[in-house]
Amino acid sequence: MRLIALPAFADNYIWLLHTQRHALVVDPGDSAPVLAWMQEHPHVQLDTILVTHHHADHTGGLAELVTHTGAQVLAPALEKMPVPAQGLQQGDRLDWHGLTLDVHEVPGHTLGHIAFWTQPPAQEPILFCGDTLFSGGCGRLFEGTPAQMLTSLDRLAGLPGNTRVCCAHEYTLSNLRFALVVEPDNQALQSHFALCTHQREQALPTLPVALQTECDINPFLRSREPSVAAAVRLHNPMAVDEISTFAALRQWKNDFR
Ligand code: ZN
Ligand code: FE
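Quick notes on the rules
- Residues numbered from 1 in each chain as written.
- Chains lettered and ligands numbered in written order.
- Predicted model: local features only at pLDDT ≥ 70, side-chain atom pairs only at ≥ 80, totals over all residues.
- Heavy atoms only, no water.
- Donors = N, O, S within 2.8 Å, 3.2 Å for Na, K, Ca; no water.
- Buried < 20%, exposed > 50% of the residue type's maximum accessible area, 1.4 Å probe, protein only.
- Helix = DSSP H or I, 4+ residues; strand = E, 2+ residues; numbered from the N terminus.
- Contact = heavy atoms within 4.5 Å.
- Pairing = 2+ DSSP bridges.
- Axes fitted to C-alpha atoms, helices over the stretch in contact; angles between N-to-C directions.

J.: What's the story with the coordination of the iron ion (ligand 2) in this structure? I'm lost.
T.: Where a metal carries four tetrahedral donors, each ideal angle is 109.5 degrees; where it carries six octahedral donors, the ideal angles are 90 or 180 degrees. Within the protein, Asp57 (OD), His58 (NE2), Asp131 (OD) and His169 (NE2) serve as the donor atoms for the iron ion (ligand 2), at 2.1 to 2.3 Å. Linear spacing of the donor residues for the iron ion (ligand 2) on their chain is D-H-x72-D-x37-H. Taking the relative accessible area as the measure of exposure, Asp57 reaches 21% and is therefore partly exposed.

Take a look at the structure:
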């Protein structure tokens, strides 16, 4: 089982998981990188497409990929897709050639957003989390509330720490710059920033990242930590409890340049 990040657009990743003969992709916003990979791997058949949410940069390649491959599309039951799809909801389990994938509902960025978690044999687990959790950050709240997003991030943070987090965007360095303003004394954050800077200098992805690392460095997974909560309150005195602190942190990031 191999896991690959196919770059798309300016900063999207289309994650591809494959065996010797079968492949699945997650959030193909563009068909071209997937079709190019398939041309280089003619013995691997793309048979499954997973979608985390309805935004065009995650669904734009669906129609062409389905036409080319006949792959089945599995997508949030609560969201509209540009092609026919099997709808998924909380607790659903998929079987892909013996690999079990768990579906988690993670509303916030969009209302129907889902994530996929799986444990390949003899490998670290994998999380496909779309635009819910980014390295050092989280998705913007286009449809859901801060409370929904906090609950969704709590759900993801409860997965095993060695899970490989596969986010849909390379936003890491700009997220970490903000995180360092929130928690300038966080040593794990400082060293992760150095590591990711080095990766990007070589044009390498900063992903996947271990979930445990995210729990140590990502302010949106750490909004209850005294260091984070205090920084948020200093920035915005309206932050008085868990939800308002998380909301103020998200707003702070929206305004941060
Ligand atoms: Zn999105
Ligand atoms: Fe996106």
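J.: Would you mind showing me how to read the environment of Leu94 here?
T.: Secondary-structure assignment places Leu94 in strand E7 (residues 93–96). The exposure class of Leu94 is buried, given its relative accessible area of 11%. In this structure the C-alpha to C-alpha distance between Leu94 and Val181, which are 87 residues apart in sequence, comes to 40 Å. Among all residues touching Leu94, those that are not within four sequence positions of it are Leu50, Leu74, Leu88, Leu99, Thr100, Leu101, Val103 and Phe116.

J.: I tried to follow the sheet that holds strand E2 (residues 12–18) on my own but got confused; where do I start?
T.: Backbone-to-backbone hydrogen bonds pair the strands of a sheet. The strands run either parallel or antiparallel. Pairing within the open sheet is mixed, and its six strands lie in the order E1-E2-E3-E4-E5-E6. Both outer strands of the open sheet, strand E1 (2–8) and strand E6 (86–88), are each paired with one neighbouring strand and no more. Taken over all neighbouring pairs, the strand axes of this sheet differ in orientation by 25 degrees on average, direction set aside. Here four bridges tie E2 to strand E3 (residues 22–26), and the two strands are oriented antiparallel to one another. Across the sheet, the residue bridging to Leu17 is Leu24, located in E3. Helix-sheet contacts for helix H1 (residues 32–40) involve E1, E2, E3 and strand E4 (45–50), and the interaxial angle to E1 is about 135 degrees. In the packing of helix H3 (residues 62–69) onto the sheet, the strands contacted are E3, E4 and strand E5 (72–76), and the crossing angle to E4 comes to about 150 degrees.

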